[in-house]
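# Commentary on secondary and tertiary structure
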Amino acid sequence: MYSSVVVCSSSNSIVEFLSLNQLDIEKNITMNTEPNFCDCLCSVLMSRRNKRKRKRMAEKLTDIELTGIILEETKPRTLGGDPSSVLLQEDDIETGRGTLRVAVQGDRSKAAIITYHDIGLNHVTNFQGFFSYGDMQPILRHFCVYHINAPGQHDGALPLMQRQEIGDPKAPVNMNTEPHDDPAMPLVKGADKRYHFPSMDELSEMILPVLQFYGIKHFIGFGMGAGANILTRFALNHPEKVDALALVNCTASVSGWTEWGWQKLNTWYLKSGSMTGFTEDYLLWHWFGQKTVDQNYDLVRMYRDTMKHINPHNLALFIESYTKRTALAVHRDLPKLGVKSTPGKNTGARALDCDVLLMAGDNSPHLDAMVDMNSRIDPSKTSWMKISDCGGMPLEEAPEKVCDAFRLFLQGLGYVPFMSQTKIMESRSAASRASLLGAGGGGRGSITGTTHQTPVVQEQEAEC
């Protein structure tokens, strides 16, 4: 180390530098003229002075206390927020082909919306989050929603067992009836003891007892996947009872060889009584598509946890019925120029008489099936919507877009005519301010774990 005074004869100035090590001197001082030596020496001193200044500033920053920030642990994402905020009346309705659990949401004196879920889901995991969304509340004040669960698909459902045989008192009692027998009569000795899960056509006919139980004359159907296929079959057989259909990821054709092979493995694993990782991965792909599975970890983790509440044996029966589905007998027959034509003439197919809203995500694995479905329906009665930046479940990934499309669709049918987009946006903005400034919430920067906990500001409707 050097500590000395250097005198430069050319500039007649004295440059004092302290604690300069030999490495800095050898690096910056060259064997040239004296002015170059002086400039290099000054640059070394300035560099060391700047280093000491930055070090002192860093020491001061470490002493600052973060007193204006409130840290709050992120809550896990849930379906529909607080379960107590959604008031549902659940009824078990006996039919000739099994028991259906129906959850009623809203005033039964209002117009009816009937929902039907996809495979591996039920009314909670498929629709509760969407119908609890803030933008849907002004719409729901005009409707009553009836959520239908397929036999044995609700949370905590027991396995679908066989009925008791004559002379075998130790055999389990079946709570669901066989499709070809009188429900009051037990099976005879030696008969087939397995529970025959209804086919897709039979599941659609099971909606009739639900309508009779609640006294519903006509309704608007809202289905996804397998549920959309069931509601479409019912609309074809009973067009006078269906006002409109909102379908997500609806498939009109039979299952292909690839789908049949995957579902065959799934049913084999599920009938063993456990939900394997293979089946979980397939169901997640079926619901969301690969892009959403790879990117939206929070949503995928939530739905992976909901699979634990599904009865594997009952799910295997539902998947097996969906895999064996027949093609929808719906056909678009546009008349040729100067020739009158009847839809489905000479083909055995029929046309949907009601208005239809078709929705699918831009990255949905069922996008091609929805395009095929759209080609089968009269374009004058069909609204086709492909949602951008969305996977296979737009009800969870883009609920605000689905809500706006559904509202406009209902207004085209004559429902909720006084509801405007301006009021929806005002309600959304007020709800956002209330969520940020709520008494029970955290700080301004707090983040909630679900997208369906937005408070709702009452809409002021215009009077006729």
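For the structure itself, consult the block above.
In what follows, the accompanying structure is described. Bear in mind the structure is a predicted one, so any value in this text is a computation, not a measurement.

On to the pattern of salt bridges. Enumeration over the complete set of coordinates arrives at 12 salt bridges. Arg-97 is the partner of Glu-202 in a salt bridge, and the nearest nitrogen-oxygen pair spans 3.5 Å. Taken together, the positions of Glu-202 in helix H5 (residues 200–205) and Arg-97 in the loop between strand E3 (89–95) and strand E4 (98–105) put the pair 105 residues apart, joining distant regions of the chain. The partner of Asp-281 in a salt bridge is Arg-304, and the shortest N-O contact between them spans 3.6 Å. In this pair, Asp-281 sits in helix H9 (residues 277–288) while Arg-304 sits in helix H11 (residues 297–306), placing the two residues 23 residues apart along the sequence. Overall, Arg-304 belongs to the partly exposed group, its relative accessible area being 29%. Within the structure, one salt-bridge network assembled from shared partners comprises Glu-90, Asp-92 and Arg-101.

This part takes up helix H13 (residues 367–375). Of the residues making up H13, those classed as buried are Leu-367, Met-370, Met-373 and Asn-374. An end-on view of H13 places all buried positions within 115° of arc, on one side of the element. Its buried side turned inward, H13 meets helix H7 (226–237), strand E8 (242–248), strand E9 (355–361) and strand E10 (382–387).

Within the structure shown, the criterion is met by 20 aromatic pairs. Both rings, one in Phe-127 and one in Phe-222, keep their centres 6.0 Å apart while their planes meet at 90°; by these two values the pair is edge-to-face. Taken together, the positions of Phe-127 in helix H3 (residues 123–131) and Phe-222 in strand E7 (residues 219–224) put the pair 95 residues apart, joining distant regions of the chain. Taken individually, Phe-127 and Phe-222 each receive the classification buried, so the pair is uniform in this respect. When the ring of Phe-143 is compared with that of Tyr-415, the centres are 5.3 Å apart and the planes differ by 50°; the resulting orientation is tilted. Remark: Tyr-415 occurs in the loop between helix H15 (399–412) and helix H16 (421–437) and Phe-143 occurs in strand E6 (residues 143–149); sequence separation between them is 272 residues. For Tyr-415, a relative accessible area of 22% corresponds to the partly exposed category. What links up through ring pairs into an aromatic cluster is the set Trp-262, Trp-268, Tyr-269, Phe-278, Tyr-282 and Trp-285.

Scoring rules and cut-offs
Residues numbered from 1 in each chain as written. Predicted model: local features only at pLDDT ≥ 70, side-chain atom pairs only at ≥ 80, totals over all residues. Heavy atoms only, no water. Salt bridge = Lys/Arg side-chain N within 4 Å of Asp/Glu carboxyl O. Helix = DSSP H or I, 4+ residues; strand = E, 2+ residues; numbered from the N terminus. Buried < 20%, exposed > 50% of the residue type's maximum accessible area, 1.4 Å probe, protein only. Arc of directions from axis to C-beta. Contact = heavy atoms within 4.5 Å. Phe/Tyr/Trp six-rings, centres within 6.5 Å; stacked < 30°, edge-to-face > 60°.

These results come straight from atomic positions and should not be treated as a statement about function.
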